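Coordinate inspection notes
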Amino acid sequence: MEIVFVCHGNYCRSPMAEFIMKHKLARAGISDVKVWSRALHTDEIGSDMYGKAKQTLTAHGIPFSRHTATLMTESDVARADAVVVMDGYNYRDAVRRYGNEKIVMLRWAEGIDDDVDDPWYTRDFERTYREIDSALGALADKLAGGAERNLQALFGK
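Anyway, here's the lowdown on the structure attached to this text. (Residues numbered from 1 in each chain as written. Predicted model: local features only at pLDDT ≥ 70, side-chain atom pairs only at ≥ 80, totals over all residues. Heavy atoms only, no water.)

Remarks on the layout of surface pockets
- Roughly 270 Å³ of volume is contained in the largest pocket.
- His 8, Gly 9, Asp 118, Trp 120 and Tyr 121 are, among the 14 residues lining the largest pocket, the residues nearest its centre.
- Secondary-structure elements contributing two or more residues to the lining of the largest pocket are helix H4 (88–98) and helix H5 (119–122).
- Classifying every residue of the lining of the largest pocket by side-chain character gives six nonpolar, three polar and five charged. (1 Å grid on protein atoms, 1.4 Å probe; cavity = no way out; pocket = protein on both sides within 12 Å on 5 of 7 lines; lining within 4 Å. Points joined across faces, edges and corners; volume = space filled by probe spheres on them. Helix = DSSP H or I, 4+ residues; strand = E, 2+ residues; numbered from the N terminus. Nonpolar A, V, L, I, M, F, W, Y, C, P; charged D, E, K, R; others polar.)

Description of the packing of helix H2 (residues 51–59) against helix H6 (residues 125–144)
- It is the contact of H2 with H6, at a shortest axis distance of 10 Å, that shows an interaxial angle of 60°. Comparing the axis directions of H2 and H6 gives the class oblique. Once H2 is placed against H6, the crossing between them reads as right-handed. Along its contact with H2, which presents Lys 52, Ala 53, Thr 56 and Leu 57, the element H6 presents Phe 125, Glu 126 and Tyr 129.
- Within the contact of H2 with H6, the residues separate by chemical class into four nonpolar, one polar and two charged. (Axes fitted to C-alpha atoms, helices over the stretch in contact; angles between N-to-C directions. Parallel < 35°, antiparallel > 145°, perpendicular 65-115°, else oblique. Left-handed = near helix turned anticlockwise from the far one by under 90°. Contact = heavy atoms within 4.5 Å.)

Some thoughts on the sheet that holds strand S3 (residues 82–85)
- Pairing within the open sheet is parallel, and its four strands lie in the order S2-S1-S3-S4. The two strands at the open ends of the sheet, each matched to only one other strand, are strand S2 (34–39) and strand S4 (103–105). Neighbour-to-neighbour, the strand axes of this sheet turn through a mean angle of 30°, independent of strand direction.
- As paired elements, strand S1 (residues 2–7) and S3 share four bridges and run parallel to each other. Across the sheet, residue Val 6 finds its bridge partner in S3, namely Val 85.
- Seen against the sheet, helix H1 (residues 13–28) touches S1 and S2 and runs at an angle of roughly 175° to S2.
- Sheet contacts for H4: S1, S3 and S4; angle to S4, the most-contacted strand, approximately 175°. (Pairing = 2+ DSSP bridges.)

Quick look at the structure:
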């Protein structure tokens, strides 16, 4: 299974989700799920992950490597089994561009129909971390527990 995490600029939330999920998968011994992240907009293309996002991951013991913000393409959507967006704005934008058959919101994994707050605006990276970590904990538990690897089983869609 392949999952792409998507946010506005691939600068804060989606790279945080990518590295948190990689950590959770490694700890659970799950090696057949691949994850990466992308942007829906060009604002930060080519940039590394935002410094406050790195500091937050470090504070929680989440390893990460150099990240380059990258714009999502049709081939990314075709490759992914799930396109996981962070908020309603990105959900509507992604559905408009790519259709809705693979697009889900991250917090749906834990049965919550709400956004992951954008720390670029809230400046609360810790809250964003908690929201991402909680949703990814639910997703990793489903994967480790043998849930079918489809959108319905993992995200209720």
